[in-house]
Protein chains: 2
Amino acid sequence: MATPASKIKFREPQIEMAHGAGGKASRRLVEGLFAPLLFGSNPGPLGDAAHIQINGTRIAMTTDSFVVNPLRFPGGSIGELAINGTVNDLAVSGAKAEAIVVTYVLEAGLSTEVLEAEVRAMAQAAEKAGVRIAGGDTKVVEHGKADRMYITTTGIGRLLPGIAISPQSVRPGDKVLLSGPIGDHGITIVLARGELDLQADLRSDTRSVLPLVQALACQAGPDVRWMRDPTRGGVATSLNELARDCGHGIVLFEEKIPVRDSVRGACELLGLDPLHIANEGQFLAIVSPEHCDAALHALHATPGGEEAVLIGEVREQPPGMVSVITPYGGNRLVDMLVGDPLPRIC
Amino acid sequence: MATPASKIKFREPQIEMAHGAGGKASRRLVEGLFAPLLFGSNPGPLGDAAHIQINGTRIAMTTDSFVVNPLRFPGGSIGELAINGTVNDLAVSGAKAEAIVVTYVLEAGLSTEVLEAEVRAMAQAAEKAGVRIAGGDTKVVEHGKADRMYITTTGIGRLLPGIAISPQSVRPGDKVLLSGPIGDHGITIVLARGELDLQADLRSDTRSVLPLVQALACQAGPDVRWMRDPTRGGVATSLNELARDCGHGIVLFEEKIPVRDSVRGACELLGLDPLHIANEGQFLAIVSPEHCDAALHALHATPGGEEAVLIGEVREQPPGMVSVITPYGGNRLVDMLVGDPLPRIC
């Protein structure tokens, strides 16, 4: 089963920060090296969670490592991210998290107080999300061989009834819904590092999106075509992946995309597009045009979904690409994230 | 649900290497901090894998981070360990691994060649163990914030029929079986680091023990009371945990315990007991006296099980402790591993 070298298309000599940023470089690494070696010849679209059959029961499973710096920031911390991120990856794959296992890689010398705070944050986030923490593992490495702590969470979940999402089900005319303002998490992390001479009353949006996903599934069920939580790489990267996978074009209406003034200001300073900034408590959904209004109503009626909004639609043109229509009628293509302008945001 | 501070018994001010060594300090951290916060008030015995029910199907789930140094060593590498370790944790909990998800924390600047070798090693180990790699995640941290690469694997598995193991089922008179020589892995790692002025023709024992566990389950089924792969902390730590959990004494016959000369020699130099050295391809089983011979025959008839041996038995005395009877009739207590004499061996 030795994979022929020809299938390995990743030719970069070494790993750079951008390979972990969730954008184009990450995709080259995953599709060029990991997928051909680990996932066989036909990995299919690489979604947020794998679906696995055991004794006839279909289970969703997802895993993520968290290396965010700093560990604590306004609105959250690495422990909360580690639980919510995994709950959300399952949720947008159409599953309710049932159990999470966790590993810690700790740097020798880490203060117990710092560790305890994160373990508490995980317990609280898990309770809030209704998921059980079922086990774990701890490794300690020498001082200087990690940055205080890295956390890995893996969740398994039960599929929500009446919902079956896939990029292939997306059709021209479908609507793009977004659960709330974008960029809060990524910009909060940058500000928390103190690298920008900028202060803003901003908090990470980290939270479980499961209640919103459940409301959507309940109201629009089979008319929910696809969902994704736009974390690393932001809304632009998630939608570019969808456009590529479904083969249609995605058009966004710029004035509909909710961005707080402080996020917009920081993005202008940094020369970044809010569409590329990571979120930890928002999700995108593609819904049939017939069920779009009902879906939005369902989101608005659910606590935390009040700011949900229609931001665009699926069109035939330009195939495989994402474009933004500006308020003045202009039109620009938005690519996936390139490089790693904001490292270690989750 | 805030956990009262009184339940948190871990009072050490900071994390030390020993807290990741799998011995007494690890147990203090898990039982004193993680368990009360994460696993609720009644975590039960902390086994190798959690058993979770989803839609009526019982699933075993386990997770481990791997930080072994060096990445490659005679007989194996971090990638192989990461697959086999998770397959084995499921196997000794009575389950066959069905799917594994993997995360990488990579240090910026890591050579692609080194990464590719480990991804290949994982693919090969997974194929050999008959388990599918279903997904993953990659994070990159700055140069100097990790030691080349850390890998986390999480596996879910199907329970093997006809076997149900638990410390509570262990009875005085039961026999202690061991699948083969101990200490090869831990000593191989120490020698590979070149820290000892010693050379030996020794290889890590890393492998999947699933075929051996399946042979045992097939032959002795419900008479297999308990199993464990004695990794960090070695045979002594695993059996001390069992003794504590079942409340009986465990007596080992020293001359029956298979230890290669090179392992014994290195242990003498290091002042360590082979019973405390980590293994990655061996397992312990407690079997009823009636089925002990049949179980040993089944192991001997399975490739890789030729050196399986009876090393001891469960007795009423001394309750909760492990003792070793020496060839001259002497008797010594063997405790769990204390400290971290061989850091980062997995």
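Conventions adopted
- Residues numbered from 1 in each chain as written.
- Chains lettered and ligands numbered in written order.
- Predicted model: local features only at pLDDT ≥ 70, side-chain atom pairs only at ≥ 80, totals over all residues.
- Heavy atoms only, no water.
- Contact = heavy atoms within 4.5 Å.
- Buried area = accessible area lost by both parts, 1.4 Å probe.
- Salt bridge = Lys/Arg side-chain N within 4 Å of Asp/Glu carboxyl O.
- Polar contact = N/O pair within 3.5 Å; in protein donor to acceptor, adjacent residues only side chain to side chain.
- Helix = DSSP H or I, 4+ residues; strand = E, 2+ residues; numbered from the N terminus.
- Nonpolar A, V, L, I, M, F, W, Y, C, P; charged D, E, K, R; others polar.
- Buried < 20%, exposed > 50% of the residue type's maximum accessible area, 1.4 Å probe, protein only.
- pLDDT = per-residue confidence, 0-100.
- Least-squares fit on C-alpha atoms with pLDDT ≥ 70 in both.
- Axes fitted to C-alpha atoms, helices over the stretch in contact; angles between N-to-C directions.
- Left-handed = near helix turned anticlockwise from the far one by under 90°.
- Parallel < 35°, antiparallel > 145°, perpendicular 65-115°, else oblique.
- Pairing = 2+ DSSP bridges.
- Disulfide = S-S within 2.5 Å.
- Expected span 1.5 Å × (residues − 1).
- Bend = angle between axes of the 7 residues up to and from the residue.

This part is about the interface of chain A and chain B. Of the residues lining the interface, 77 residues belong to chain A; the matching set on chain B comes to 77 residues. On the chain A side of the contact with chain B, Ile15(A), Leu38(A) and Lys139(A) bury the most area, a combined 9% of that side's loss. For the interface between chain A and chain B, the tally reads 6 salt bridges. The salt bridge involving Arg232(B) is made with Asp137(A); its shortest N-O contact spans 2.6 Å. There are 27 residue pairs in polar contact (both at pLDDT 80 or more) connecting chain A and chain B. For the side of chain A that touches chain B, the elements supplying multiple residues, two or more each, are helix H1 (24-38), strand S1 (50-54), strand S2 (57-66), strand S5 (95-107), helix H3 (112-129), strand S6 (132-141) and strand S7 (149-159) of chain A. Sorting elements by how many residues they give to the side of chain A that touches chain B places S6(A) first, with 10 residues. When grouped by side-chain class, the residues that make up the side of chain A that touches chain B number 39 nonpolar, 22 polar and 16 charged.

Moving on to the pattern of salt bridges. Residue and element names in this part refer to chain B. The final tally for this structure, using the stated rule, is 44 salt bridges over all chains. The residue Glu 241 makes a salt bridge to Arg 27 at a minimum N-O spacing of 3.1 Å. Residue Glu 241 is located in helix H6 (residues 234-246), and its partner Arg 27 is located in helix H1 (residues 24-38); the two are separated by 214 residues in the primary sequence. Each member of the pair, Glu 241 together with Arg 27, is buried. As a salt-bridge pair, Asp 245 and Arg 27 come within 3.6 Å of each other at their nearest N and O atoms. Taken together, the residues span a long stretch of sequence, with Asp 245 in helix H6 and Arg 27 in helix H1 at a distance of 218 residues.

This next bit is on the confidence of the model for chain A. For chain A, mean pLDDT is 94; residues scoring 70 or higher make up 96% of the total. Scoring of the predicted complex yields 0.97 for pTM and 0.96 for ipTM.

Overlay of chain A on chain B (RMSD 0.0 Å): rotation 180°, translation along the axis 0.0 Å. What we have between these two chains is a two-fold relation. Taking the C-alpha atom as reference, chain A places Ala146(A) closest to the rotation axis, 2.3 Å from it. The residues that chain A uses at the interface reappear at the interface of chain B in 100% of cases, marking a shared surface.

Another point: the packing of helix H5 (residues 210-220) of chain A against helix H8 (residues 292-300) of chain A. Residues and elements named next belong to chain A. Across the interface, H5 lies against H8 with an axial gap of 9 Å and an inter-helix angle of 145°. In this structure, the crossing between H5 and H8 has a hand that is right-handed. Across the interface between the two elements, Leu 212, Ala 215, Leu 216, Gln 219 and Ala 220 from H5 touch Ala 294, Ala 295, Ala 298 and Leu 299 from H8. For the contact of H5 with H8, the class distribution of residues is 8 nonpolar, 1 polar and no charged.

Every buried residue belonging to H5(A) is among Leu210(A), Leu212(A), Val213(A), Ala215(A), Leu216(A), Ala217(A) and Ala220(A), and all of these are buried. Positive phi appears at Gly221(A), one or two residues downstream of H5(A), with a value of about 35°.

Here the focus is the packing of H3(A) against H1(B). Relative orientation of the contacting elements H3(A) and H1(B) amounts to 30°, with a least axis distance of 8 Å. With respect to each other, H3(A) and H1(B) are oriented roughly parallel. Judged by residue contacts, Leu115(A), Glu116(A), Val119(A), Arg120(A), Met122(A) and Ala123(A) of H3(A) engage Leu29(B), Leu33(B), Phe34(B), Leu37(B) and Leu38(B) from H1(B). Here the contact of H3(A) with H1(B) is composed, by residue class, of 9 nonpolar, no polar and 2 charged.

The next thing to look at is the side chain of Asp147(B). Mapped onto the fold, Asp147(B) is located in the loop between strand S6 (132-141) and strand S7 (149-159). Of the polar contacts made by the side chain of Asp147(B), one reaches the side chain of Arg148(B); its length is 3.3 Å. A distance of 3.0 Å separates polar atoms of two side chains, one belonging to Asp147(B) and the other to Arg344(B). Not counting the four nearest positions on each side in its chain, Asp147(B) is found in contact with Lys145(A), Asn69(B), Glu107(B) and Arg344(B).

Residue and element names in this part refer to chain A. Ordered in space as S1-S2-S7-S5-S6, the 5 strands form an open sheet in which the pairing is mixed. Sheet topology places S1 and S6 at the edges, where each strand pairs with a single neighbour. Direction aside, neighbouring strands of the sheet carry axes that sit 20° apart on average. Bridge analysis of S5 against S6 gives 9 bridges, and the strand direction is parallel.

In this section: the sheet that holds S6(B). Residues and elements named next belong to chain B. Ordered by their spatial adjacency, 5 strands build an open sheet running S1-S2-S7-S5-S6, and the pairing between neighbours is mixed. The sheet terminates laterally at strand S1 (50-54) and S6, the two strands that pair on one side only. Strand-to-strand twist in this sheet, taken as the mean axis angle between neighbours without regard to direction, amounts to 20°. Seen against the sheet, helix H3 (residues 112-129) touches strand S5 (95-107), S6 and S7 and runs at an angle of roughly 175° to S5.

It is worth spelling out the state of the cysteines at this point. Taken as a whole and assessed by the stated rule, the structure comprises 0 disulfides over all chains. Left unpaired, Cys346(B) is separated from the closest cysteine sulfur, that of Cys267(B), by 16 Å.

You can see Gly109(B) is positioned in the loop between S5 and H3. We classify Gly109(B) as partly exposed; its relative accessible area is 33%. Note: C-alpha distance between Gly109(B) and Val141(B) (32 residues apart in sequence) is 9.6 Å. Residue contacts for Gly109(B): discarding those within four places in its chain leaves Gln14(A) and Ile15(A).

Each α-helix turn comprises 3.6 residues. Residues three or four places apart therefore point the same way. The terminal C-alpha atoms of H1(B), which comprises 15 residues, lie 20 Å apart, in line with the 21 Å expected from a rise of 1.5 Å per residue. In the structure, H1(B) departs most strongly from a straight axis at Val30(B), where the bend amounts to approximately 35°. In terms of residue burial, H1(B) counts as a mostly covered element, since 11 of its 15 residues are buried. Within the span of H1(B), buried status applies to Ala25(B), Ser26(B), Arg27(B), Leu29(B), Gly32(B), Leu33(B), Phe34(B), Ala35(B), Pro36(B), Leu37(B) and Leu38(B). Contacts made by the buried residues of H1(B) are with S5, H3 and S6 of chain A together with H6 of chain B. One or two residues past the end of H1(B) sits Gly40(B), with phi positive at roughly 80°.

Below, the discussion takes up the environment of His51(B). Mapped onto the fold, His51(B) is located in strand S1. Given a relative accessible area of 29%, His51(B) falls into the partly exposed group. A C-alpha to C-alpha distance of 9.0 Å links His51(B) and Thr62(B), two positions 11 residues apart in sequence. Apart from the residues within four sequence positions on either side, His51(B) is in contact with Arg132(A), Arg58(B), Ile59(B), Ala60(B), Ser93(B) and Leu159(B). For His51(B), the side chain forms a polar contact with the side chain of Arg58(B), separated by 3.1 Å.

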